[in-house]
Amino acid sequence: MMTRHFKILCDMYIPVLLSILQQTHFGYQTVPEDEKEEKVYEVFENVASKYDLMNDAMSAGVHRLWKDHFIHRMAPVKGTSLIDVAGGTGDIAFRFLNSINQQIKPLVTVCDINQAMLDVGKSRSESLGYLSDVNFIKGNAECLPIENDQFDVFTIAYGIRNCTHIDKVIQEAYRVLKPGGRFMCLEFSDVKNPIIRQLYDSYSFQVIPVMGQVLASDWKSYQYLVESIRQFPNQEDFKQMIKEAGFKMVKYENLTFGVSAIHSGFKL
């Protein structure tokens, strides 16, 4: 009888205890891991319609240069197959297609967990004449609805820091890439110069949330976005995570003093 009661108590309380123990960050808040995904989903659902406008405003258009340089470093050639994860609005996919100098464009897959972001991407794709060139699919970066060994390049731009388990995203990248395929990540990173860092922090915390409120009527989402950057691993730590997933020739390149960084590695 005691054994049966003990089992019932274990079944009731162990999941609760595990939920308490398995916590992660949401900006500067600490939340249960199983709640972060929904919270991030709400952030991007709120900002989807103003996402591109806010990117231009927050970076004074510099994000466009970073993304252009990202594609330049990729140097795609004829026949390159690409999956862009957390790329709902299509920024990387469209740049990739623009860089391919051939009449018949390769099919690009864009995967995002947020339907509102995908809807923005589909609308942009139609207006740019790329509707037949981009396959938009809804999926979680930590568990992609993709078979093994499918793509030459896996990209994720300003999305990986929002994932609960960064290591799982990198492992999924390794899984879906073909042998010889390349992982490329563009993400906000760590500014080392103390003077520039102080200016950057002041701008981030005092200006960006205000912009969010004025341009998108949303202070909280942009406060989270600023905080999430500070929670992301620095360049060396993230480089080590990529290596641990099995990638070789892993390196990074700082952009604008480390405000952003390009990370890459090969599945060999």
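Quick caveat, the model's predicted, so the values are computed rather than measured. (Residues numbered from 1 in each chain as written. Predicted model: local features only at pLDDT ≥ 70, side-chain atom pairs only at ≥ 80, totals over all residues. Heavy atoms only, no water.)

With that out of the way, let us pick up the confidence of the model for the protein. With 84% of its residues at a pLDDT of at least 70, the protein reaches an overall mean of 87. Counting contacts from residues 16–21, a segment whose pLDDT is below 50, to residues more than four positions away or on other chains yields two contacts. (pLDDT = per-residue confidence, 0-100. Contact = heavy atoms within 4.5 Å.)

A separate point is the environment of Gln235. Note that Gln235 resides in helix 11 (residues 235–244). Classification of Gln235 by relative accessible area gives buried; the value is 3%. With 45 residues separating them along the chain, Gln235 and Asp190 place their C-alpha atoms 6.8 Å apart. Setting aside its immediate chain neighbours within four residues, Gln235 contacts Ser189, Asp190, Lys192, Tyr252, Asn254, Gly258, Ala261 and His263. (Helix = DSSP H or I, 4+ residues; strand = E, 2+ residues; numbered from the N terminus. Buried < 20%, exposed > 50% of the residue type's maximum accessible area, 1.4 Å probe, protein only.)

Contact geometry of helix 8 (residues 194–206) with helix 9 (residues 208–216) gives a least axis separation of 3 Å together with a crossing angle of 30°. Between helix 8 and helix 9, the angle falls in the class roughly parallel. Here Tyr203, Ser204, Phe205 and Gln206 of helix 8 come into contact with helix 9, specifically with Ile208, Pro209, Val210 and Met211. The class makeup of the residues in the contact of helix 8 with helix 9 is six nonpolar, two polar and no charged. (Axes fitted to C-alpha atoms, helices over the stretch in contact; angles between N-to-C directions. Parallel < 35°, antiparallel > 145°, perpendicular 65-115°, else oblique. Nonpolar A, V, L, I, M, F, W, Y, C, P; charged D, E, K, R; others polar.)

It is worth spelling out the packing of aromatic side chains at this point. For the structure shown, the criterion picks out eight aromatic pairs. Positioned above the aromatic ring of Tyr200, the side-chain terminus of Arg230 is 4.7 Å from the ring centre. (Phe/Tyr/Trp six-rings, centres within 6.5 Å; stacked < 30°, edge-to-face > 60°. Lys NZ or Arg CZ within 6 Å of the ring centre and 35° of its normal.)

A few words on the sheet that holds strand 3 (residues 82–85). Spatially, 5-4-3-6-7-9-8 is the arrangement adopted by the seven strands of the open sheet, whose pairing is mixed. The sheet terminates laterally at strand 5 (134–138) and strand 8 (248–255), the two strands that pair on one side only. Taking the axes of each pair of neighbouring strands and ignoring which way they run, one obtains an average angle of 15° across the sheet. Across four bridges, strand 3 lies against strand 4 (residues 108–112) in parallel orientation. Counterpart to Leu82 in the pairing with strand 4 is Val108. Lying over the sheet, helix 4 (residues 62–74) contacts strand 3, strand 6 (151–157), strand 7 (177–188), strand 8 and strand 9 (260–266), oriented at roughly 160° with respect to strand 7. Contacts between helix 6 (residues 115–128) and the sheet are confined to strand 4 and strand 5, with strand 5 contributing the most and set at about 170° to the helix. (Pairing = 2+ DSSP bridges.)

Next up on the list: the UniProt feature "binding site: S-adenosyl-L-methionine" (unreviewed entry) in the protein. Per the UniProt annotation, the sites labelled "binding site: S-adenosyl-L-methionine" (unreviewed entry) are Thr89, Asp112, Asn140 and Ala141. Topologically, Asn140 is positioned in the loop between strand 5 and strand 6. One polar contact links the side chain of Asn140 to the main-chain amide nitrogen of Glu142, over a distance of 2.8 Å. Checked against the element boundaries, Ala141 lands in the loop between strand 5 and strand 6. (UniProt positions renumbered as here; feature names shortened; annotations may be inferred. Polar contact = N/O pair within 3.5 Å; in protein donor to acceptor, adjacent residues only side chain to side chain.)

Turning next to the packing of helix 3 (residues 51–59) against helix 9. Between helix 3 and helix 9, the least distance of the axes is 10 Å, while the angle of their chain directions is 140°. Our pair here, helix 3 against helix 9, has a crossing hand that is right-handed. Across the interface between the two elements, Leu53, Met54, Ala57 and Met58 of helix 3 pack against Ile208, Met211, Gly212, Leu215 and Ala216 of helix 9. Class assignment of the residues belonging to the contact of helix 3 with helix 9 gives a composition of eight nonpolar, one polar and no charged. (Left-handed = near helix turned anticlockwise from the far one by under 90°.)

What follows deals with helix 5 (residues 91–99). Most of helix 5 sits inside the fold, with seven of its nine residues counted as buried. Of all the residues in helix 5, the buried ones are Asp91, Ile92, Ala93, Phe94, Arg95, Phe96 and Leu97.

Attention shifts here to the pattern of salt bridges. Using the criterion set out here, one finds 14 salt bridges in the structure. Between Lys178 and Asp152 there is a salt bridge; the shortest N-O distance is 3.7 Å. With Lys178 in strand 7 and Asp152 in strand 6, this residue pair connects regions lying 26 residues apart in the sequence. Here Asp152 falls in the partly exposed class, since its relative accessible area comes to 25%. Ionic pairing is found between Arg161 and Glu187, a salt bridge with its closest N-O pair at 2.8 Å. Placement of the pair is Arg161 in the loop between strand 6 and helix 7 (166–176) and Glu187 in strand 7, with a sequence separation of 26 residues. Exposure remark for Arg161: the relative accessible area of 5% places this residue in the buried category. With relative accessibility at 1%, the residue Glu187 sits in the buried group. (Salt bridge = Lys/Arg side-chain N within 4 Å of Asp/Glu carboxyl O.)

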